[in-house]
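Close look at the chain arrangement
The chain contents come next:
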Amino acid sequence: MAKIKVYRFQDQLILSLFYQDFPTQEILLSLKEQKHPIYLNFSFEVFKKRFLLPDVLIHKELYVQKLYYNPEENLYFLEDNFGIQSFENPEDLVLKIQFLDSYPLRFQVKNDLSNLYLKTNVEITYQTHLSKDLRFTKNQHKIRLKAENTLPFDVIYRKD
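Now for a look at the structure at hand. (Residues numbered from 1 in each chain as written. Predicted model: local features only at pLDDT ≥ 70, side-chain atom pairs only at ≥ 80, totals over all residues. Heavy atoms only, no water.)

Below, the discussion takes up the packing of aromatic side chains. As enumerated under the stated definition, the model contains 11 aromatic pairs in all. An angle of 45 degrees between the planes, with centres 5.8 Å apart, marks the rings of Tyr-63 and Phe-82 as tilted. With Tyr-63 in strand 4 (residues 56–70) and Phe-82 in the loop between strand 5 (75–80) and strand 6 (83–87), this pair connects stretches of sequence that are 19 residues apart. Judged by its relative accessible area of 3%, Tyr-63 falls in the buried class. You can call Phe-82 exposed: its relative accessible area is 55%. Aromatic side chains Tyr-68 and Phe-77 sit 5.5 Å apart centroid to centroid with 25 degrees between the ring planes, which places their arrangement in the stacked category. No difference in accessibility class separates Tyr-68 from Phe-77, as the two residues are buried. Linked through ring pairs, Phe-42, Phe-44, Tyr-63, Phe-82 and Tyr-103 together constitute an aromatic cluster. The ring of Tyr-117 has Lys-49 lying over it, and the distance from NZ or CZ to the ring centre is 5.3 Å. The positively charged end of Lys-66 is found above the aromatic ring belonging to Tyr-68, 5.2 Å away from the centroid. (Phe/Tyr/Trp six-rings, centres within 6.5 Å; stacked < 30°, edge-to-face > 60°. Helix = DSSP H or I, 4+ residues; strand = E, 2+ residues; numbered from the N terminus. Buried < 20%, exposed > 50% of the residue type's maximum accessible area, 1.4 Å probe, protein only. Lys NZ or Arg CZ within 6 Å of the ring centre and 35° of its normal.)

Written out as C-alpha cells, the structure reads:
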C-alpha cells in the first residue's frame, strides 16, 4: 500500500487506501479469461499499543470484494459487503478496484485517536494461465499477493 488516509465524520471514520504497484494488467487478463473469480480481502484492526504488554485489540472488521464474469448475462460483476455492481467490460471494473476510496469503518470514535494504531492487511487472490512475464501457459497458476501496513492514527488522520 502506498498511502492511507483516515477522515473523521462525526463519530465515524472514513478510510481511503491507495496501492503502490497494483497488479492492474494481471487482474485484467485474469478477468478476461472468464473462468475463476478474483478476491480482494481487506482486514482492518484498530488497536492500542502498550509498552512491555500485549497490544489491546479494540476493533476488527473484514471487507471482501469478489470480481467475476457471468456468461449468461455477458457482464462482469463486483460483489462486496455493500451489494453487487455490474460492468460491461473488465477495464471499467478494474478501474473501480485500483484503490479503496471512502470506506466507512464501523468503529465508533469516542475518544482521542492519538494513542491508537490502524493495521491494514490486503490480500489479492486470483488464478491465471499466464506466467510472470504475462505469457500463456497450459498450467493454471494460483496467485496470492499480500500487503500489510501498521500506522498510528496521528500520522494518517486528516482533519480536513
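This brings us to the side chain of His-59. Secondary-structure assignment places His-59 in strand 4. For His-59, the residues in contact, after removing those within four places along its chain, are Phe-44, Glu-45, Val-46, Arg-106 and Phe-107. (Contact = heavy atoms within 4.5 Å.)

A side chain with one charge may pair with a side chain of the opposite charge, provided their charged atoms come close. Inspection of the entire model under this criterion finds five salt bridges. For Lys-32, the salt bridge goes to Glu-91, with nearest N and O atoms at 3.0 Å. Of this pair, Lys-32 sits in helix 1 (residues 24–33) while Glu-91 sits in helix 2 (residues 90–97), placing them 59 residues apart in sequence. According to the relative accessible area criterion, Lys-32 is partly exposed, its value standing at 40%. The partly exposed category is assigned to Glu-91, whose relative accessible area is 34%. Between Lys-60 and Glu-45 there is a salt bridge; the shortest N-O distance is 3.6 Å. Linking Lys-60 in strand 4 with Glu-45 in strand 3 (residues 38–48), this pair joins segments that are 15 residues apart in sequence. (Salt bridge = Lys/Arg side-chain N within 4 Å of Asp/Glu carboxyl O.)

Turning our attention to the layout of surface pockets. Counted as a void, the largest pocket has a volume near 240 Å³. Mapped onto the lining of the largest pocket, the elements with two or more residues apiece are strand 4, strand 5, strand 6, helix 2 and strand 7 (99–108). In terms of residues, the lining of the largest pocket owes the most to one element, strand 7, which gives six residues. (1 Å grid on protein atoms, 1.4 Å probe; cavity = no way out; pocket = protein on both sides within 12 Å on 5 of 7 lines; lining within 4 Å. Points joined across faces, edges and corners; volume = space filled by probe spheres on them.)

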